[in-house]
Amino acid sequence: MTRSRCTRCLYWSDHPLGITFDDDGVCSGCRTHIEKTTLDWDARLSMLDSRLGRLLRRRTPDYDCVVPVRGTPEYFYEIEFLTQRLGLRVLAVNYNSQFNSAVGIRNLARLRDRFDLDFMGYTSNPVSYRKLVRESILQFGTVRWPALAGETQLPVRVALERRVPMVIWPFHQPTEMVGTHSYTEEVEMSRASRHSFDLMGVEPGDFVTHRGLVQDYEVEDLLYPGDGELHRSGLVGLYLANYLPWDSRRYAEHAVDELGAIAARNSRTFDTYDRVDDLVYMGLHDLLKVAKYGYGRVTDSLCREIRFGRVDRATAIELEAHFLAEYPRRLLELFGDWIGANEAAVDWIINWEMNGRLFPTDVEWAAQPDDHLSAPARSFIASFMTNADPLVMDSSFTLIGKGLALDE
Ligand SMILES: [Zn+2]
């Protein structure tokens, strides 16, 4: 089947999260996005209020909900909404990706400080984690699997242990990107969606092979709780985007303007709010994503911007080519230092992954100066705020922060 592109946004017909096209060549993601302007969102918020009322009838002594957080601006908005607008007692939970930027660590510190949050962080044994990341690249061609497995199970496990009735996630990624569900379906977090969407069909046990170096005990803290336990607890996993017309960019801008969140330039994208907590996401992760699927994170962000009417398609295509062509040399060096591989080894991994896959061969890998860009493209880039140094100025990954002096 030849690959075709949505006539409205930039997604391809072979999108890994499952996309469909209508007779006009418009993708399911663009169709579902229309609901953000056509649904009665006041009514949907009332639905959330009554749902919460029912869930919180049996009031627990400490928290109303567990909320997974990361060090990016949109979580400030989410926490503000949950604590101020809904008045919920929140336990914020962070699984340490170990790829932290200084911006990410500072954002987490500011988030806790701003909202006087109760906060729980978990860090897997760094030696085992590094081994998992290495195996994940070699066996499954992904660098983020261990982080995804950790961040999708930790909030659930914490909620079960603390007898908290719900976990609130920001949005359901397949719905936001390719419109797998209508918001009216009120899809909830489940083991099945974690398995197929977040973990790409790979489970922790798949890492433990006779020839691999990973032992059973090293993946134990990535396991999702058992179905029986989940069922007995009645725990639910809600996505806030089913009740709010979710707009990551506007929420992040509010957080930077009003709530003290930090935004910074990242590699391979114009989006100064997205994934600024993570020094691997726009580096090796994005290159592997392009190698496997033929599009990058910048494509995701541009699809969102097109759908909200903030950039036209032609400018978006120009921006996509520009950012996909940026080789994130510095981020790859940082990753190489962390995992104990030299630059040649990291290059080898990338090239090995590229062979025979969908990497667009017409993209040249070289940093391109911005002055080749059209005026609309340049002013679009300039419309994203920053209030910190670019991520590439970091000298290493930050494991757990550097103490009180960090947020001087
Ligand atoms: Zn589309």
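Small disclaimer: the values here were computed from a predicted structure and weren't measured.

*Asks:* Quick one: what's the story with the overall build of the protein, residue by residue and with numbers?
*Replies:* Each helix and strand counted, the protein has 18 helices and 5 strands in total. Scaling as 2.2 N^0.38, a compact globule of 408 residues should have a C-alpha radius of gyration of about 22 Å, and the protein matches this with 21 Å. In terms of overall dimensions, the protein has a C-alpha envelope of 60 × 50 × 50 Å along the principal axes. Counting over 408 residues, the protein shows a buried share of 56%. Contacts in the protein between residues far apart in sequence, at least 24 positions, make up 78% of those at least 6 positions apart. Total accessible area on the protein stands at roughly 17300 Å², and carbon and sulfur atoms take up 51% of it. Separation between the mean location of the 46 positive side-chain charges and that of the 60 negative ones in the protein comes to 3 Å.

*Asks:* Requested: an account of the pattern of salt bridges, with residues and values cited.
*Replies:* A complete count under the given rule lists 26 salt bridges for this structure. Note that R51 and E188 form a salt bridge whose closest N and O atoms lie 2.5 Å from each other. Of this pair, R51 sits in helix 3 (residues 41-55) while E188 sits in the loop between helix 8 (173-178) and helix 9 (191-198), and the two are 137 residues apart along the sequence. R51 sits in the buried class, given a relative accessible area of 17%. Overall, the relative accessible area of 28% leaves E188 in the partly exposed class.

*Asks:* How would you sum up the pairing of strand 5 (residues 236-239)? Please name residues and give values.
*Replies:* Along any regular strand the residues' side chains alternate between the sheet's two faces. Burial along strand 5 is two-sided: V236 and L238 facing one way and G237 and Y239 facing the other are all buried. As paired elements, strand 4 (residues 166-169) and strand 5 share 4 bridges and run parallel to each other. Residue pairing for strand 5: M166 is matched across the bridge by V236.

*Asks:* Pulling in residues and values, what's your account of the coordination of the zinc ion?
*Replies:* All of the protein donors around the zinc ion are C6 (SG), C9 (SG), C27 (SG) and C30 (SG); their distances to the metal are 2.3 Å. Around the zinc ion sit 4 donor atoms; with metal-centred angles ranging over 103 to 113 degrees, the donor geometry is tetrahedral. By relative accessible area, which is 0% here, C6 ends up buried.

*Asks:* Mind laying out the pairing of strand 1 (residues 65-68), listing which residues take part and the relevant values?
*Replies:* Residues of strand 1 alternate between two faces, with C65 and V67 on one and V66 and P68 on the opposite face, all of them buried. Two strands pair when backbone bridges link them, and strand 1 and strand 2 (residues 90-95) are joined in this way by 4 bridges, in the parallel orientation. Across the sheet, C65 pairs through a bridge with V90, a residue of strand 2. Relative to strand 4, strand 1 runs parallel, the two sharing 2 bridges. Paired with C65 across the bridge in strand 4 is M166.

*Asks:* Hey, could you go over the environment of A325 for me, with residue numbers and the actual values?
*Replies:* Mapped onto the elements of the fold, A325 is located in the loop between helix 15 (313-324) and helix 16 (329-339). Sequence spacing of A325 and R268 is 57 residues, and the spatial spacing of their C-alpha atoms is 7.7 Å.

*Asks:* Got a sec to walk through the domain arrangement of the protein? Specific residues and values, please.
*Replies:* Note on interface size: it is often stated as the accessible area lost on association of the parts. Each domain of the protein was delimited in the assignment, giving domain 1 (40-242) and domain 2 (263-386). Taking only C-alpha atoms into account, the centre of domain 1 sits 25 Å from that of domain 2. Listed as interface residues are 26 residues of domain 1 and, on the opposing side, 22 residues of domain 2. Buried surface at the junction of domain 1 and domain 2, summed over both partners, amounts to about 2200 Å²; 58% is from carbon and sulfur atoms. Broken down residue by residue, the surface that domain 1 buries against domain 2 is led by F99, R144 and M177, which jointly contribute 25%. At the boundary of domain 1 with domain 2, the tally comes to 2 salt bridges. A salt bridge links D278 to R144; the nearest nitrogen and oxygen atoms lie 3.7 Å apart. Along the contact surface separating domain 1 from domain 2 lie 10 residue pairs in polar contact (both at pLDDT 80 or more). In terms of residue count, the dominant contributor to the side of domain 1 that touches domain 2 is helix 6 (residues 126-140) (7 residues). Across the side of domain 1 that touches domain 2, the residue classes break down as 10 nonpolar, 11 polar and 5 charged.

Conventions adopted
Residue indices follow the written sequence of each chain, beginning from 1 at its first position. Residue-level local features of this predicted model are given only where pLDDT is at least 70; pairs of side-chain atoms are given and counted only at 80 or more, and the full residue set underlies all totals for whole chains, interfaces and linings. Side-chain metrics in this entry use all non-hydrogen atoms of the structure; hydrogen atoms and water are not considered. Going along the chain from the N terminus, every DSSP run of H or I of four or more residues is numbered as a helix, and every run of E of two or more is numbered as a strand. C-alpha atoms define the radius of gyration, and 2.2 Å times the number of residues to the power 0.38 defines the globule rule. Burial status follows relative accessibility: with a 1.4 Å probe on protein chains alone, a residue under 20% of its type maximum counts as buried, one over 50% as exposed, and anything between as partly exposed. Contacts were defined at the residue level, with two residues in contact if any of their heavy atoms lie within 4.5 Å. Note on areas: these come from Shrake-Rupley sampling with a 1.4 Å probe, and a residue is covered only by the protein chains present in the view. The charge count includes Lys and Arg as positive and Asp and Glu as negative, but it does not include His or the ends of the chains. We put the charge of a Lys on NZ, of an Arg on CZ, of an Asp on CG and of a Glu on CD. Any carboxyl oxygen of Asp or Glu within 4 Å of a side-chain nitrogen of Lys or Arg constitutes a salt bridge here. Two strands pair if DSSP finds at least two bridges between them. Counted as coordinating are nitrogen, oxygen and sulfur atoms within 2.8 Å of the metal, or 3.2 Å for Na, K and Ca, while water is not included, which may make sites look incomplete. All geometry calls rest on donor angles, where a four-donor set with angles between 85 and 135 degrees is tetrahedral, four- and six-donor sets with opposite donors more than 155 degrees apart and all others between 65 and 115 are square planar and octahedral, and all else is irregular. Residue ranges assigned to the domains are those given by an automatic or database domain assignment. Here the buried area means the combined drop in accessible surface, using a 1.4 Å probe, for two parts upon being joined, counting both sides. Within 3.5 Å is the distance limit for a polar contact, defined as a pair of N or O atoms, with the added protein rule that one can donate a hydrogen and the other accept it, and that residues adjacent in sequence qualify only through two side-chain atoms. Each residue is assigned to one of three groups, with Ala, Val, Leu, Ile, Met, Phe, Trp, Tyr, Cys and Pro labelled nonpolar, Asp, Glu, Lys and Arg labelled charged, and all others, Gly among them, labelled polar.

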